[in-house]
Amino acid sequence: MPGGRLTQQERRQIALGLADGLAYAEIARGLDRPTSTVTREVMRNGGPTAYRADLAHRATGHRATRRGQASTEAPSRGDGRDDGAVREFEEVFTTALVQSGMPRMMSRVLACLTITDAGSLTASELVQRLQVSPASVSKAISYLESQAFVRRERDERRRDLYVVDDDVWYQSMIASARATDRIIETVQQGVGVLGPGTPAATRLEGVARFLDFVSENITRAADQARDVLHTKAGTPHGKAPDPSGTEPEPSGRGGAAEMCRGIST
């Protein structure tokens with residue numbers, strides 16, 4: 001079985017296999033490579049729908065150069081971890097975030113913060129780790145703050161410190177739900193403008209009911225998961241589960257049960 005980096009010809013074979021709809025395992029067999037090698041190659045270079053052999057080959061060379069520069073500029077990790085494996089995971093994690101819809105630089109910053117043991121870095125540390133400009137980091141942080149993915153603190157030297165923690169994904173989901181609520185309110189206003197009972201207004205009413213139902217259920221699930229998981233972990237977030245095993249009906253837009261009744265009628 002061949003080892004080492006993929007060649008440009010192998011990357012072209014991967015691209016052809018993806019175009020033919022082949023599974024990663026089948027492509028890997030044709031190359032006599034592990035399936036994991038093909039999976040990582042595709043995921044770190046745009047995913048199955050956006051993979052381009054020549055672009056992937058150039059990007060790999062660029063990453064290798066950047067890693068070489070970083071290894072001479074940055075001290076050894078000193079934590080016993082494999083530097084190459086950590087960098088590889090960071091790239092795969094970044095690609096997964098990009099495929100979820102997050103811009104690439106914002107994905108790189110979030111991935112970099114998330115995989116640090118402290119869960120926090122300064123702007124200068126992010127610049128050094130990612131080998132990007134301060135302006136790029138500043139723009140990414142502004143976006144991530146607006147989506148509640150990071151929060152800003154001050155360290156002992158009064159420098160801005162950008163933090164992710166166990167609560168950040170919860171806060172981001174709640175922020176997303178609030179944004180969806182604003183869409184619902186806007187759509188409901190449109191019903192009055194277009195005239196109740198008209199085809200367009202009826203369509204908007206359906207959109208509002210769907211978004212309302214999904215948003216409320218996501219919010220409830222996020223609240224319950226936060227309470228249960230943080231309580232099990234022994235953190236101060238959330239309240240202990242109700243010993244009776246029942247959950248109170250949440251306040252807000254009428255509750256999921258009421259929404260279900262409205263949809264079924």
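Residues numbered from 1 in each chain as written. Predicted model: local features only at pLDDT ≥ 70, side-chain atom pairs only at ≥ 80, totals over all residues. Heavy atoms only, no water.

> So what's going on with the environment of Ala 111? Residues and values would help.
Structurally, Ala 111 is set in helix H6 (residues 104–114). C-alpha of Ala 111 to C-alpha of Phe 93: the two residues are 18 residues apart in sequence and 6.4 Å apart in space. Setting aside residues up to four positions removed in sequence, Ala 111 forms contacts with Glu 90, Phe 93, Thr 94 and Leu 97. (Helix = DSSP H or I, 4+ residues; strand = E, 2+ residues; numbered from the N terminus. Contact = heavy atoms within 4.5 Å.)

> Please give an account of the sheet that holds strand E1 (residues 120–122) that cites residues and values.
With antiparallel pairing, the 3 strands of this open sheet are ordered in space as E1-E3-E2. The sheet terminates laterally at E1 and strand E2 (151–154), the two strands that pair on one side only. In this sheet, adjacent strand axes meet at a mean angle of 35 degrees when their direction is disregarded. Its contacts with the sheet put helix H7 (residues 123–130) on E1 and strand E3 (160–163), and the angle it makes with E1 is roughly 95 degrees. (Pairing = 2+ DSSP bridges. Axes fitted to C-alpha atoms, helices over the stretch in contact; angles between N-to-C directions.)

> Tell me about helix H2 (residues 24–31), and name the residues and values.
Within the span of H2, buried status applies to Ile 27, Ala 28 and Leu 31. Taken down its axis, H2 places every buried residue within 100 degrees of arc, on the same side. Counted as exposed and oriented over 90 degrees from the buried face of H2: Arg 29 and Gly 30. Buried residues along H2 sit against helix H1 (8–19) and helix H3 (35–43). In the stretch just after H2, Asp 32 is the one whose phi turns positive, near 60 degrees. (Buried < 20%, exposed > 50% of the residue type's maximum accessible area, 1.4 Å probe, protein only. Arc of directions from axis to C-beta.)

> Please set out the pattern of salt bridges residue by residue, giving values where relevant.
Enumeration over the complete set of coordinates arrives at 9 salt bridges. A salt bridge links Glu 10 to Arg 33; the nearest nitrogen and oxygen atoms lie 3.0 Å apart. Residue Glu 10 is located in helix H1, and its partner Arg 33 is located in the loop between H2 and H3; the two are separated by 23 residues in the primary sequence. Notably, a salt bridge pairs Glu 88 with Arg 40, separated by 2.7 Å at the nearest N-O pair. (Salt bridge = Lys/Arg side-chain N within 4 Å of Asp/Glu carboxyl O.)

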